[in-house]
Amino acid sequence: MAARLHRHASELPSLPLRLSASRIRLLGATNRPPSALRLRPKSCRPARVMAAAASATAEEGLKKGIAEFYDQSSGLWEDIWGDHMHHGFYDRGVTASIDDHRAAQIRMIEEALRFAGVSDDPSKKPKKVVDVGCGIGGSSRYLAKKYEAQCQGITLSPVQAQRAHNLAVVEGLADRVTFQVADALEQPFSDGQFSLVWSMESGEHMPDKKKFVGELARVAAPGATIIIVTWCHRDLLPSEDSLLPEELNLLNRICDAYYLPSWCSAADYIEIAQSLSLENIKTADWSENVAPFWPAVIRSALTWQGFTSLLQSGWKAIKGALAMPLMIEGYNKKLIKFAIITCHVELYLYMLTESKIQHECGQRRHHLLALVATAGGFYEHI
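What counts and how
All residue numbers here refer to positions counted from 1 along the written sequence of the relevant chain. Reporting in this predicted model follows two pLDDT cut-offs: at least 70 for local features of residues, and 80 or more for side-chain atom pairs to be given and counted; totals over whole chains, interfaces and linings ignore these cut-offs and use all residues. To get the side-chain values, take all heavy atoms of the structure and skip hydrogens and water. For our purposes a nonpolar core is just a set of buried Ala, Val, Leu, Ile, Met, Phe, Trp, Tyr and Cys residues, chained together by side-chain atoms within 4.5 Å. Accessible area is worked out with a 1.4 Å probe on protein chains only. A residue is then buried under 20% of its type maximum, exposed over 50%, and partly exposed in between. Patch membership requires over 30% relative accessible area and the absence of a salt bridge. Like charges are linked within 9 Å, and nonpolar side chains (Val, Leu, Ile, Met, Phe, Trp, Tyr) within 5 Å. Using a 1.4 Å probe, accessible areas were evaluated by the Shrake-Rupley method; residue-level cover was limited to the displayed protein chains. Whenever a carboxyl oxygen of Asp or Glu lies within 4 Å of a side-chain nitrogen of Lys or Arg, that contact is scored as a salt bridge. Counting from the N terminus, the helices are the DSSP runs of H or I reaching at least four residues and the strands are the DSSP runs of E reaching at least two. Comment: axis = line fitted to C-alpha atoms, over the contacting stretch for helices; angle = value between 0 and 180 degrees taken between N-to-C directions. Put simply, angles under 35 degrees are roughly parallel, angles over 145 are roughly antiparallel, angles from 65 to 115 are roughly perpendicular, and the rest are oblique. Helix crossings get a hand from a simple test, with the near helix turned counterclockwise from the far one by less than a right angle marking a left-handed crossing and a clockwise turn marking a right-handed one. Contact criterion: two residues are considered in contact whenever any of their non-hydrogen atoms come within 4.5 Å of each other. Side-chain classes are defined by residue name, with Ala, Val, Leu, Ile, Met, Phe, Trp, Tyr, Cys and Pro counting as nonpolar, Asp, Glu, Lys and Arg as charged, and the others, Gly among them, as polar. Only centres within 6.5 Å qualify two rings of Phe, Tyr or Trp (six-membered ring in Trp) as a pair; their planes then separate them into stacked at under 30 degrees, edge-to-face at over 60, and tilted for everything else. Ring-over charges, as used throughout, are those where CZ of Arg or NZ of Lys falls within 6 Å of the ring centre and within 35 degrees of the ring normal.

K.L.:
Account for the nonpolar core, naming residues and giving values.
P.N.:
Counting residues in hydrophobic clusters, the biggest one holds 67 residues, and the most contacted among them are L113, I227, I254, Y258 and W286. In this structure, A217, A266, A273 and I341 belong to the second largest nonpolar core, which totals 31 residues.

K.L.:
Got a sec to walk through a nonpolar patch on the surface? Specific residues and values, please.
P.N.:
A cluster of nonpolar side chains, W304, F307 and L311, forms an exposed patch at the surface whose accessible area comes to about 400 Å². Take L311: its relative accessible area is 53%, and that puts it in the exposed class.

K.L.:
How would you summarise helix α12 (residues 315–322) if you had to cite specific residues and measurements?
P.N.:
Along α12, six of the eight residues are buried, which leaves the element largely enclosed by surrounding structure. Listing the buried residues of α12 in full gives K316, A317, I318, K319, G320 and A321.

K.L.:
Lay out the packing of helix α4 (residues 101–116) against helix α5 (residues 138–147) with the relevant residues and their values.
P.N.:
The interhelical angle for the contact between α4 and α5, taken along N-to-C directions, is 60°, at an axis separation of 11 Å. Classified by the angle between their axes, α4 and α5 sit oblique to one another. Of the two possible hands of crossing, α4 and α5 adopt the one that is right-handed. Residue-level inspection shows I106, I109, E110 and L113 of α4 in contact with α5, the latter providing S139, Y142, L143, K146 and Y147. Its residues assigned to classes, the contact of α4 with α5 shows six nonpolar, one polar and two charged.

K.L.:
For the side chain of T342, give the residues involved together with the corresponding values.
P.N.:
Tracing the chain through its elements places T342 in strand β7 (residues 336–344). The exposure class assigned to T342 is buried, which follows from its relative accessible area of 0%. Not counting residues up to four positions away in its chain, the partners in contact with T342 are F115, A116, I226, I227, N280, I281 and K282.

K.L.:
So what's going on with the packing of aromatic side chains? Residues and values would help.
P.N.:
With the rule as written, the count across this model stands at 14 aromatic pairs. Geometrically, the ring pair formed by W231 and W294 is edge-to-face, given 6.1 Å between the ring centres and 75° between the ring planes. Highlighted residues: W231 in strand β5 (residues 220–233) and W294 in helix α10 (residues 293–301), separated in sequence by 63 residues. Here the aromatic cluster, defined as three or more aromatic residues joined through ring pairs, consists of F69, Y70, W77, W81, W231, Y258, Y259, W263, F293 and W294. Directly above the aromatic system of F194 lies the positively charged group of K128, at a separation of 5.5 Å from the ring centroid. A cation over a ring is seen here: K282 above F115, with NZ or CZ 4.4 Å from the ring centre.

Treat this as a map of the structure, not an account of what it does.
What follows is the structure, given as structure tokens:
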């Protein structure tokens, strides 16, 4: 008996596992037919596996298409429009000349910062910025210079990442601005790093909008500002379950040209942000403020420089250029909305989360100690 007790004492670290197995045997689980242990019929498993595999394949195909589209088109865009690969912000109802458009792109950045309430106060301005869907780094470099901040940009396009790095070197920002190829839905950053999380016209490429916003919130530091500027479809009416068939057809044609998944509305983004307990959530429709943009892009493509550069870029860039009138049609029909969504990650939310984790860890430790004590009493009576 003493030898038996000694053997059990020496195996104490593996006790919880052994007790679990013993408990299962005592409950008679090992004597049940295998089908009784399943939550769903066996026939469902192949279907679930096939559906998951199809979804993963589609997502990989989408990412590949996005990367190749921007690999081909970024140089063309930079030659004609410069290093900011996004809409410009214009006064409503004003006709802008081609010379106004680069200034309008800078204004878009400033208007987004103003709307979100990002402070220029040296004691409050963001120190670390992430640019999600950074293009060739126009916003990253601008924000790094404006706030004297460290900025990290991510993109799916290796061509964009390399060009962004080269421009940072030229501008003397290589020590403060870095770029890498990474997926916005699985960002290569630890939790709570950035005081400003910036996404300028990349959300429309995300197949899982909730995961996208969740990742933005995950990498945001306590008190951080999150800014999402993105293409959306119109909000649904209370009587509607979906967009009209002709509206879906138009959006699908745009998706095919620009490698976009399904669209969502600004209201959907608001709902997602609320579900993640983000605070100070605001949104605005800037569709009228970007109205001159796509006609200007088309005019630039019809210049000799634009036409010859487009022909040299590749089929994906050409297909994107041919779809530009569809964007104008979508805006004119009030189907496409150019939206900004901003929110904050509040400090108290992090404090509550940390407190909850500590509480749960304490509870688990308490249960484990109780289990060990119970086991010790059990062995004493063997």
